[in-house]
Amino acid sequence: MHNKTLAELSTALQDKEFSSEELTRHYLDRIQQHDPSINSFITVTEDLAIAQAQAADQQIASGNAGTLTGIPLAQKDIFCTNGVKTSCASLMLDNFIAPYDATVVEKINDAGMVMLGKTNMDEFAMGSTTESSYYGDAKNPWDLERVPGGSSGGSAAAVAAQLTPVATGTDTGGSIRQPAALCGITGIKPTYGTVSRYGMIAFASSLDQGGPMTRTAEDAAMMLNVMTGFDEKDATSIERDSEDYTRSLNNKLDGLTIGLPKEYFSDDLDSDIANVIDTAIKEVEKLGASIKEISLPNTRLSIPAYYVIAPAECSSNLSRMDGVRFGYRCEDPKDLYDLYARSRGEAFGEEVKRRIMIGTYALSAGYYDAYYLKAQQIRRLISDDFKKAFLDVDVIMGPTSPSTAFKFGELSEDNDPVSMYLADIYTISVNLAGLPGMSIPAGLVKGLPVGLQLIGNYFQEAKLLNIAHQFQQATDHHQQTPDSFQEGK
Ligand code: GLN
């Protein structure tokens, strides 16, 4: 069962090959069997899952089922889920039971999908390794001594180990694409404003965007059909007609021009990864696309700009967690100041504190112009680079990450935060510009997955999915799974 794609599961459920309850129990058993070795879940919602599956089976029996009715999924623990712990992998929210559903969760529930549980992540989505989780590291199913990437590392690991057919993720600077790359799965971050941020706990509001993490591009398209849409509860949600993201999956690629930014193929890129990416691009050429070298000259400025803007926004967003209204509260506070200071001091981890301090400093009077304003100006330059590039090309391609999954501690936030920040060099500029970006499996280097990144112009998700789907029809990289999680073991 767990080798099936969403489309296959959908058909099997409609054909009554198995019930949603059987399917759900199968995944819950797999989670019980395999999750102790990868720690991809923070919470498993077994009873809720069975109840949702039974309701889905009734719906299927009555002939009212949608395409995704009865299919299990896992939610990143950043999405508020009514009545279920929503921790953001922080001690701060360890006791927080969300009193409402995020819009994404509501839409997924309305589609009749079954929630298996909530996945592990970097604390408040700050990180690239899932090492900053209060609940311990999630592990990469391809090599348990390596990180699954982050911040949506639990979601990526759970999909890669086939503990769920799909999981949600969020991407502020790469957190869907980079873990998808490191775990050998497919992930898409849509255009900013396409997926509602209501109930998705905010890290950096002008960059955060939710999206699906799946095995295939077709599955991602099916999920986007459910997850996207205007939401009046999110002031940055974009009002536009709904799309069918599966509509152009089968288009031929003839006549498409793919841009290769020379800055993404510099000497910093590991040569084995460069080879895998070159081979993948040749495959896309074979499918009918042509290639053109382009330049995104301000790429190297994306990391310094992001590490001013994202901390500035998070220092403001996280100020609501003050020990008063919800979340962690310290014992026996002496006075109000002590309550604030100790609650926050005790409950936030090192990386979160580091970013709150950077952000508060960057926003303070006297420094605002020097840092925040400058960073916003650089952000405009980066957007303009893309705007110019898209005059000549339809899609941009390159690696998702400069390396395959690294070992725990190798790029630890605590030893050398800057080296970890640099690992996001290919993904961050996409968020600064608000563009859609996707990562798909392109092959293995020394047994570890490599991700091919596709970047589109605004609202060109369907084009990215089309290219990815055609690539996946012609290759089998997306079908590779880590050995120890195969059936029978
Ligand atoms: N790794 C980046 C960071 O640490 C991006 C995280 C994300 O996209 N949530 O901020």
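Cut-offs used in this document
All residue numbers refer to positions counted from 1 along the written sequence of the respective chain. Totals for whole chains, interfaces and linings use every residue, but because this is a predicted model, local features are given only for residues with pLDDT of at least 70 and side-chain atom pairs only at 80 or more, for both listing and counting. For the side-chain quantities, the full set of heavy atoms in the structure was used; hydrogens and water were omitted. We call a residue near a molecule or strand whenever a single non-hydrogen atom of that residue lies within 4 Å of it. Between N or O atoms, a polar contact is any pair within 3.5 Å; within protein, one atom must be a potential hydrogen donor and the other a potential acceptor, and residues adjacent in sequence are included only when both atoms are from side chains. Values of accessible area rely on a 1.4 Å probe in the Shrake-Rupley scheme; residue burial ignores everything except the protein chains shown. Every axis in this analysis is a line fitted to C-alpha atoms, fitted for helices over the stretch in contact. Angles between the N-to-C directions lie between 0 and 180 degrees. Helical segments are the DSSP runs of H or I of at least four residues, strand segments are the runs of E of at least two, and each set is numbered from the N terminus. Should an angle lie under 35 degrees it is considered roughly parallel, over 145 roughly antiparallel, and from 65 to 115 roughly perpendicular; all remaining angles are considered oblique. Only heavy atoms enter the contact rule, under which two residues are in contact if any of them lie within 4.5 Å. For this classification, Asp, Glu, Lys and Arg are treated as charged, while Ala, Val, Leu, Ile, Met, Phe, Trp, Tyr, Cys and Pro are nonpolar and the rest, including Gly, are polar. The rule is simple: take the accessible area with a 1.4 Å probe, protein chains only, and divide by the maximum for that residue type; under 20% is buried, over 50% is exposed, in between is partly exposed. As used in this record, nonpolar core signifies buried Ala, Val, Leu, Ile, Met, Phe, Trp, Tyr and Cys residues forming a set joined through side-chain atoms within 4.5 Å.

S.K.: Requested: an account of the site of the ligand, with residues and values cited.
M.R.: Taken together, 15 residues lie around the ligand, and Gly 173, Ser 175, Tyr 306, Arg 355 and Asp 424 are the ones closest in. Between Asp 424 and the ligand, the recorded distance is 2.6 Å, taken from a side-chain N or O atom to a nitrogen atom. In isolation the ligand exposes 290 Å². Once the protein is present, 100% of that is buried.

S.K.: Quick one: what's the story with the packing of helix H8 (residues 271-286) against helix H15 (residues 461-474), residue by residue and with numbers?
M.R.: In the contact formed by H8 and H15, the axes pass within 10 Å of each other and the chain directions differ by 100°. Of the possible angle classes, the one that applies to H8 and H15 is roughly perpendicular. In this structure, H8 contributes Ala 280, Glu 283 and Val 284 to the contact, and H15 contributes Ile 467, Phe 471 and Ala 474. Taken together, the residues of the contact of H8 with H15 sort by class into 5 nonpolar, no polar and 1 charged.

S.K.: Would you mind going over the environment of Thr 186 in detail, with residue names and values included?
M.R.: Tracing the backbone shows Thr 186 in strand E5 (residues 186-189). Judged by relative accessible area, Thr 186 falls into the buried class, the value being 0%. With 27 residues separating them in the primary sequence, Thr 186 and Val 159 have C-alpha atoms 9.4 Å apart. Among residues more than four places away in sequence, those in contact with Thr 186 are Ala 180, Pro 212, Met 213, Thr 214, Arg 215, Thr 216, Ala 217, Met 438, Ser 439, Ile 440, Pro 441 and Gln 472. Within the structure, Thr 186 has its side chain in polar contact with the backbone oxygen of Arg 215 (distance 3.1 Å). Among the polar contacts made by the side chain of Thr 186, one reaches the side chain of Gln 472 at a distance of 3.1 Å.

S.K.: Requested: an account of the nonpolar core, with residues and values cited.
M.R.: Counting 149 residues, the largest nonpolar core has Phe 124, Phe 386, Leu 454 and Leu 465 as its most contacted members. Here the element with the most residues in this core is helix H9 (residues 302-317); it accounts for 9 residues.

S.K.: Outline the side chain of Thr 481, listing residues and values.
M.R.: One can find Thr 481 in the segment after H15. Since its relative accessible area comes to 10%, Thr 481 is described here as buried. Apart from the residues lying within four places of it in its own chain, the contact partners of Thr 481 are Trp 142, Ala 160, Gln 162, Arg 215 and Gln 486.

S.K.: Please give an account of unusual backbone geometry that cites residues and values.
M.R.: Note the cis peptide between Gly 150 and Ser 151, where omega equals 5°. In this structure, Ser 151 sits in the loop between strand E3 (114-119) and helix H5 (153-160). With a phi close to 60°, Lys 16 is a non-glycine residue in the positive phi region. Looking at where Lys 16 falls in the secondary structure, it is placed in the loop between helix H1 (6-14) and helix H2 (20-38). Overall, the relative accessible area of 54% leaves Lys 16 in the exposed class. Positive phi values are uncommon outside glycine, yet Asn 39 reaches one of about 55°. Within the element layout of this structure, Asn 39 appears in the loop between H2 and strand E1 (41-44).

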